[in-house]
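Given next are the chains, with one letter for each unit.
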Amino acid sequence: MKLLCVLFLALIISHPVFLQKEKALSKVKIYQWEEVVNANPDTIFGISFRKNRISTLPNKLFRFTKIIYLNLEKNKFQELPENLDTLTQLKYLNISKNKLKLFPLVITRLFELEILVANRNHFERIPNNIKYCSKLQKIDFWN
C-alpha cells in the first residue's frame, strides 16, 4: 500500500501543471527577515526565518500581506500565531523541523496555500479541516 501511495505522489508531482507552479514560486526573491524588516511591505513576496531559533513571529511580519512564500524551517515553534491567516496570499509555507505537536489549525484558513512542508514535527494527527485548503497540491509530512 505504501508503495502505491509513493507512486501516486510521484505521478502527481511530476505532472506538468504541478511543475509549472513550482517554477513560478522559484522566481520569487526570498529575503531574510533582517533584510526586509523596514522595507516597503508591498514590494516583498518571499520571507525566510530559516534557522533563526525563534519561537514566535515578529508582529511586523503581518504588514507583509502580499507575501506568497514563508519559510519557518528549523526554529523552535511549538505553535503558530492565530493571525497567520492574515497572510491571505500565501502559497508556500515551510514549518518543518520545529517542535509542533498539534497541527496548527490556522493553516486550514490559508485558502491560497499550494505547498505545505511540515516534515519532522510531532503531529499526532492532521485535522479534517485541511480540506478547506482546496488549492493545496503538495504536502510533505515525512517523518
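Residues numbered from 1 in each chain as written. Predicted model: local features only at pLDDT ≥ 70, side-chain atom pairs only at ≥ 80, totals over all residues. Heavy atoms only, no water.

1. A look at the layout of surface pockets
Quick note on the threshold: Any residue with an atom within 4 Å of a point lines the site, the site being either a cavity, points on a 1 Å grid over the protein atoms alone where a 1.4 Å probe fits but cannot get out, or a pocket, an open set with protein on both sides within 12 Å along at least 5 of 7 lines. Grid points are joined across faces, edges and corners, and a volume is the space filled by probe spheres set on the points. Put simply, Ala, Val, Leu, Ile, Met, Phe, Trp, Tyr, Cys and Pro go in the nonpolar bin, Asp, Glu, Lys and Arg in the charged bin, and everything else, Gly too, in the polar bin.
Considering only enclosed or pocket space, the largest pocket measures out at about 280 Å³ in volume. Residue lining of the largest pocket: 13 residues in total, with Lys101, Leu102, Phe103, Pro104 and Leu105 positioned closest to the centre. Taken together, the residues that form the lining of the largest pocket break down as 7 nonpolar, 1 polar and 5 charged.

2. A short note on the pattern of salt bridges
Operational definition: Salt bridge, as used here, is a side-chain nitrogen of Lys or Arg placed within 4 Å of a carboxyl oxygen of Asp or Glu. Helical segments are the DSSP runs of H or I of at least four residues, strand segments are the runs of E of at least two, and each set is numbered from the N terminus. Burial classification: accessible surface area is computed with a 1.4 Å probe over protein chains only, and a residue below 20% of its type maximum counts as buried, one above 50% as exposed, and the rest as partly exposed.
If you walk through the whole model with that rule in mind, you get 5 salt bridges. In this structure, the salt-bridge partner of Glu82 is Arg109, at a minimum N-O distance of 2.6 Å. With Glu82 in the loop between strand E3 (69–71) and strand E4 (92–94) and Arg109 in the loop between E4 and strand E5 (115–117), this pair connects stretches of sequence that are 27 residues apart. Judged by relative accessible area, Arg109 falls into the partly exposed class, the value being 30%.

3. Focus on the packing of aromatic side chains
Stated precisely, the cut-off is as follows: Centres within 6.5 Å are what make two rings of Phe, Tyr or Trp a pair, Trp counting through its six-membered ring; a difference in plane orientation under 30 degrees is then read as stacked, over 60 as edge-to-face, and the rest as tilted.
Scanning all chains against the criterion turns up 6 aromatic pairs. Each ring, one from Trp33 and one from Phe64, has its centre 5.7 Å from the other, and the planes form 70°; the classification is edge-to-face. Here Trp33 is found in helix H3 (residues 33–36), whereas its partner Phe64 is found in the loop between strand E2 (46–48) and E3, with 31 residues between them in sequence. Ring centres of Phe103 and Phe123 lie 5.4 Å apart, and the angle between their planes is 65°; this geometry places the pair in the edge-to-face category. With a gap of 20 residues between them, Phe103 in the loop between E4 and E5 and Phe123 in the loop between E5 and strand E6 (138–140) connect regions that are remote in the sequence. A connected cluster of aromatic rings, assembled from ring pairs, spans Trp33, Phe49 and Phe64.

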